[in-house]
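In case you want the letters, here they are:
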Amino acid sequence: MTITQAVAGANARKGKEADHQASLIVQGADATGIVAAVTSVLSEHSANIVSLDQYSDNPQGGAFFQRTVFTLPGLQATLPALRADLDEHLVNRFGLRYTLRDMSAPKRVAIFASKSDHCLLDLLWRHRQGQLPVSIPMVISNHPDLAEEVRSFGIPFFHVPCQGADKSEAETEHLRLLKDNVDFVVLARYMQILSGDFIEQAGVPIINIHHSFLPAFIGAGPYAKAKQRGVKLVGATAHYVTEDLDEGPIIEQDVVRVTHAHTAADLTRRGADVERAVLSRAVLWHAEDRVIRDGNHTIVFA
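Residues numbered from 1 in each chain as written. Predicted model: local features only at pLDDT ≥ 70, side-chain atom pairs only at ≥ 80, totals over all residues. Heavy atoms only, no water.

### Concerning the pairing of strand β8 (residues 184–187)
Part 1: Here β8 shows no split at all, with Phe184 and Val186 on one side and Val185 and Leu187 on the other all buried.
Part 2: Across four bridges, strand β5 (residues 107–113) lies against β8 in parallel orientation. If you follow Val109 over to β8, its bridge partner there is Phe184.
Part 3: The pairing of β8 with strand β9 (residues 206–212) spans three bridges and is classified as parallel. Considered in β9, the bridge of Leu187 is made with Asn208. (Buried < 20%, exposed > 50% of the residue type's maximum accessible area, 1.4 Å probe, protein only. Helix = DSSP H or I, 4+ residues; strand = E, 2+ residues; numbered from the N terminus. Pairing = 2+ DSSP bridges.)

Have a look at this one:
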């Protein structure tokens, strides 16, 4: 057997396994017997558990969270019976909530961007390299500048101008493009504030990325302002979008150290690096069902 044949065989086996792999997310009030109930139901259906992560914020009546990934040949045909058993053992018995997803179908993500390209192109490159298990049906921008670069990845690009205080016309077009086409949205340095009506009508999770400074530097030129204040850390935060600007549940954060010797341009470059890394991890974890939202809090099984 040649190396090429061996690699092809391994990829075929991996693809076959992915065809019947699923994720099960469980959350609710903690109680004795939840893990046993989950594993018992899966065992009864001849499922093979690949990974299982759990967390309780207080074993004495606190909140319980669990992510289980399992394989099950003939998954699609078994899903209705499996859901019925999960309803009986998890919902009716423990009052828990759960989601069950066939992981062979990647989540569909729309990416919003403006003129900055570092986060957008990083996501498109990672997707092309097979590092992000998503499909990208569209990129939407309020500027036409990145159209050719996006289309070079084979991704449809939509220019939707958005100027002035009234964004209703643009948001109406955004909703038309998104309707029934995406499972979540990523704002890859999209420099517009989304209205509460848009967030509600979109009906899917929205992930944003922004720089993180202490103290905060609001408005244009944040890295120049950070340089003037002599910051020692440059960071980024990825979070879910809510009506409260930059107040949504945090998915991932990271920082890099800077010194007095770094120029504002250095800070900008290092900030872009950490923004790319943080956003890509947040998108990956969301795509793999590793993030569980609990109010304005997140549990991340990374």
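### Focus: helix α2 (residues 34–44)
Part 1: Of all the residues in α2, the buried ones are Ile34, Ala37, Val38, Val41 and Leu42. Seen from one end, α2 has its buried residues packed into an arc of 125°, which puts them on one side.
Part 2: As for α2, its buried residues are in contact with β1 (21–29), β2 (48–56), β3 (63–71) and α3 (75–94).
Part 3: Phi turns positive, to about 65°, at Ser46, one or two residues after α2. (Arc of directions from axis to C-beta. Contact = heavy atoms within 4.5 Å.)

### Digging into the nonpolar core
Within soluble globular proteins, side chains that are nonpolar tend to cluster in buried spots.
Part 1: Counting 34 residues, the largest nonpolar core has Ile111, Leu120, Leu124 and Leu279 as its most contacted members.
Part 2: Of all elements in the fold, only β5, α4 (118–128), β6 (134–141), α5 (147–151), β8, β9, β10 (233–240) and α9 (264–287) reach the threshold of two or more residues within this core.
Part 3: Top contributing element to this core by residue count: α9, with seven residues. (Core = buried A, V, L, I, M, F, W, Y, C linked by side-chain atoms within 4.5 Å.)

### Digging into the packing of helix α8 (residues 222–229) against α9
Part 1: Orientation of α8 relative to α9, taken along the N-to-C sense of each, is 120°, at an axis distance of 9 Å. Here α9 runs oblique to α8, going by the angle between their axes. Between α8 and α9 lies a crossing of right-handed hand. Note on element contacts: α9 touches α8 through Ala264, Leu267, Thr268, Gly271, Ala272 and Glu275, opposite Tyr223, Ala224, Ala226 and Lys227. (Axes fitted to C-alpha atoms, helices over the stretch in contact; angles between N-to-C directions. Parallel < 35°, antiparallel > 145°, perpendicular 65-115°, else oblique. Left-handed = near helix turned anticlockwise from the far one by under 90°.)

### Structural notes on the sheet that holds β2
Part 1: Judged by pairing direction, the sheet is antiparallel, and its four strands sit side by side in the order β2-β3-β1-β4 without closing on themselves. Of all the strands in the sheet, just β2 and β4 (97–102) have a single pairing partner and so form its edges. Neighbour-to-neighbour, the strand axes of the sheet open up by a mean angle of 10°, direction not taken into account.
Part 2: Alignment of β1 against β3, held across nine bridges, turns out to be antiparallel.

### Looking at unusual backbone geometry
Part 1: The phi dihedral of Arg189 is positive, around 60°, even though this residue is not glycine.
Part 2: Tracing the backbone through its elements, the reader meets Arg189 in the loop between β8 and α7 (196–202).
Part 3: For Asp289, which is not a glycine, the phi torsion comes out positive at approximately 60°.

### Digging into α9
Part 1: Taking 1.5 Å per residue as the helical rise, α9 with its 24 residues ought to reach 34 Å, and the 34 Å between its terminal C-alpha atoms agrees with that figure.
Part 2: Looking one or two places after α9, you find Asp289, whose phi comes out positive at around 60°. (Expected span 1.5 Å × (residues − 1).)

### Some details on the sheet that holds β6
Part 1: If you walk across this open sheet you meet the seven strands as β7-β6-β5-β8-β9-β10-β11, and the pairing is mixed. Edge strands, defined here as strands with exactly one partner in the open sheet, are β7 (157–159) and β11 (250–257). Adjacent strand axes in the sheet meet at a mean angle of 20°, parallel and antiparallel pairs treated alike.
Part 2: Sitting on the sheet, helix α6 (residues 168–178) is in contact with β5, β6, β7 and β8, with an inclination near 160° to β6.

### What to know about the packing of aromatic side chains
Part 1: Tallying each qualifying case throughout the model produces three aromatic pairs.
Part 2: With centroids separated by 6.3 Å and ring planes inclined at 15°, the aromatic side chains of Tyr55 and Phe65 adopt a geometry described as stacked. Residue Tyr55 is located in strand β2, and its partner Phe65 is located in strand β3; the two are separated by ten residues in the primary sequence.
Part 3: Note on Tyr55: relative accessible area 38%, which makes it partly exposed.
Part 4: Centre to centre, the rings of Phe112 and Tyr190 are 5.3 Å apart; their planes meet at 85°, and the pair counts as edge-to-face. Of this pair, Phe112 sits in strand β5 while Tyr190 sits in the loop between β8 and α7, and the two are 78 residues apart along the sequence. Residues Phe112 and Tyr190 agree in their burial class; the two are buried.
Part 5: If you follow Arg293 out to its NZ or CZ, it ends over the ring of Tyr240, 4.6 Å from the centre. (Phe/Tyr/Trp six-rings, centres within 6.5 Å; stacked < 30°, edge-to-face > 60°. Lys NZ or Arg CZ within 6 Å of the ring centre and 35° of its normal.)

In short, the description is geometric, and any link to function would need to be established separately.
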